[in-house]
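Each chain, written out:
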Amino acid sequence: MRSPTKSPLSLTGLDRRALQAELEAHASGELTTYAPALRSCVDVLVVGGGSAALCAAIAARQCGASVHVIEAAPSILRGENARHARNFRIAHQQPTTFVPGKYGEEAFIGDILHVTRGTADRELTEILVRESAETTDWLVENGIHLERRDHRCQNVSNRTAFLLGGGKAMMNALYAAAIRLGATVWHGSPVIELDLSQTEYCVSFVSRGGVVRHVASKTIAICAGGNPANIEWLREELGDAANGLVIRGTPYALGDLLVRLLACGMRSIGEPSHCHMVPFDARGPKFDGGVVTRVTAIPHGIVVDRNGLRIADEGEDIGKMHFSKWGVRISRCPDQIAYLILDLDGYMKTAPSVFRPIQADDVGDLPTSCNSILQFSTVPSIASTQPSSHRPTRSQWSEPPSDCCHRSRVARTH
Ligand SMILES: Cc1cc2nc3c(=O)[nH]c(=O)nc-3n(C[C@H](O)[C@H](O)[C@H](O)COP(=O)(O)OP(=O)(O)OC[C@H]3O[C@@H](n4cnc5c(N)ncnc54)[C@H](O)[C@@H]3O)c2cc1C
């Protein structure tokens, strides 16, 4: 974990320059026309413009407070990581308009503790789960459209409600609600200073045209996300493996304000070295690829690293949780690269992908089209390169794949 005593300025200075260059490229029109001149003092300052920020802004306006939202990303990217979201979990005891079946609070808490290997903060987890039951009503009241369970065309889940139009539609609706209620929104305006030491909080940010502005408030909600896009910081926790990761979310989640909060003595909760890593197609963009390049077919094939060695039992877990297990495994492979090899049968079972797999009529021909796999020429030789004592078992789909190769890579989310 980054030490709270470290100066945040060196990191922030570096990242801010790159960020500023990008912001200038988007500068025209970034300050939305509905934003009036910045007042020197407001009731509630909301830093960040993702889903947490917009919920805070709407709630504060509904209580009658004057609200400013200050967001680093340009308006075309508004919504940040929530732009990529599709669904969210809610606890419920019986079917509702949006979710079938039942998903009790204990089951929800159990799932969180399972994926975090017991390190999740119990109190926060319980609040999250308890309050989740109200989420759909609140979203609908504020103009967000959810998929009715009887209209659902996606895979049915007892645990989650689906956003109609996805996360982008949700964020557009949240922004529309906040603005309709009278919140002022500053896009493309990274906060560069936080002064939390006085009775009033003071925030400095760079608005359109490079103008630095200051605004004070009695209440502040800092919803500026975590550090998943900060490769330098990730390297501190993951070593060189951080270099090979693909970040499927926003490049603006640098964690610079998190560093400042920690430096101000804010308490850290949770396990900072844990994160959600899932396999992604290595041909996708370095940032913001979203969910469309996710590799979903691992249980239908075999996975080898750059040296042609199998990594683990591909059929061990075919549930939704297998993604995060494989993300961690591939992050430990050389260059964070692994190859999923599918035969035609396995390929036919996979969901369509943005990138077409690299194909060959025979697995022996794969090295000619995928020149990184040079260590083997036939599938049996994949196994023979590996000492039998280290050969993972294979609980399902034990037929050797024959004719289709798909290269995959790991991504890190939050
Ligand atoms: C690809 C992907 C898919 C996902 N799918 C789902 C899903 O289906 N369901 C689900 O529940 N969750 C999903 N998540 C997780 C979910 O998107 C996040 O948990 C959620 O968006 C976090 O919201 P947030 O507002 O806390 O943070 P963020 O969305 O990270 O927002 C933080 C905001 O702070 C801004 N900011 C940062 N620094 C500054 C600064 N110095 N000054 C001003 N602003 C700053 C950023 O620009 C950003 O707008 C997904 C995440 C990703 C990446």
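The structure under discussion appears in the preceding block.
Cut-offs used in this document
Residues numbered from 1 in each chain as written. Predicted model: local features only at pLDDT ≥ 70, side-chain atom pairs only at ≥ 80, totals over all residues. Helix = DSSP H or I, 4+ residues; strand = E, 2+ residues; numbered from the N terminus. Buried ≥ 20, exposed ≤ 12 C-beta atoms within 10 Å, placed from the backbone. Near = placed C-beta within 6 Å. Nonpolar A, V, L, I, M, F, W, Y, C, P; charged D, E, K, R; others polar. Expected span 1.5 Å × (residues − 1). Bend = angle between axes of the 7 residues up to and from the residue. Pairing = 2+ DSSP bridges. Right-handed = clockwise from strand over helix to strand, strands pointing away. Arc of directions from axis to C-beta. Axes fitted to C-alpha atoms, helices over the stretch in contact; angles between N-to-C directions. Parallel < 35°, antiparallel > 145°, perpendicular 65-115°, else oblique. Left-handed = near helix turned anticlockwise from the far one by under 90°. Contact = placed C-beta atoms within 7 Å.

Caption draft 1: Summary view of unusual backbone geometry. One non-glycine residue with positive phi stands out, namely Asp288, at about 65°. By the element assignment, Asp288 lies in the loop between strand E10 (277-280) and strand E11 (302-305). Residue Asp288 is classed as partly exposed on the basis of its 19 C-beta neighbours within 10 Å. The phi angle at Asp335 is positive, at roughly 60°, despite the residue not being glycine. Turning to its location among the elements, Asp335 is positioned in the loop between helix H8 (322-331) and strand E12 (337-342). Residue class for Asp335 comes out partly exposed when judged on the 14 C-beta atoms lying within 10 Å of it.

Caption draft 2: Inspection of the site of the ligand at higher detail. The immediate surroundings of the ligand are formed by 35 residues, with Gly48, Gly50, His84, Gly225 and Gly249 found nearest. Among the secondary structure elements, those contributing two or more residues to the shell around the ligand are helix H2 (51-62), strand E3 (87-89) and helix H7 (256-263). In terms of residues, the shell around the ligand owes the most to one element, H2, which gives three residues. Taken together, the residues of the shell around the ligand break down into 18 nonpolar, twelve polar and five charged.

Caption draft 3: Summary view of helix H4 (residues 122-141). If you check H4, its first and last C-alpha atoms are 29 Å apart, about what 20 residues at 1.5 Å a residue would give, namely 28 Å. Of all the bends in H4, the largest measures some 45° and sits at Ala133. In the stretch just after H4, Gly143 is the one whose phi turns positive, near 95°.

Caption draft 4: Spotlight on the pairing of strand E1 (residues 41-47). Extensive coverage of E1 is indicated by the burial of five of its seven residues. Across six bridges, the pairing between E1 and strand E8 (residues 211-222) is parallel. Opposite Val42, over in E8, you have Ser217 as the bridge partner. Of the pairings in the sheet, the one linking E1 to strand E2 (residues 67-70) comprises four bridges and is parallel in character. In the strand pairing of E2, Val44 is matched with Val67. As for the winding sense of the linkage, the β-α-β connection from E1 through H2 to E2 is right-handed.

Caption draft 5: Region of interest: H8. Along H8, the residues classified as buried are Trp326, Gly327, Ile330 and Ser331. Buried residues along H8 cover an arc of 135° about the axis, so they all sit on one side.

Caption draft 6: Structural context of the packing of H2 against helix H5 (residues 166-181). Running from N to C, H2 and H5 point in directions that differ by 25°, and their axes come no closer than 9 Å. By the criterion of interaxial angle, the relationship of H2 to H5 is roughly parallel. Classified by chirality, the crossing of H5 by H2 is left-handed. Here Ser51, Leu54, Ala57, Ile58, Arg61 and Gln62 of H2 come into contact with H5, specifically with Met171, Leu174, Tyr175, Ala177, Ala178 and Leu181. For the contact of H2 with H5, the class distribution of residues is nine nonpolar, two polar and one charged.

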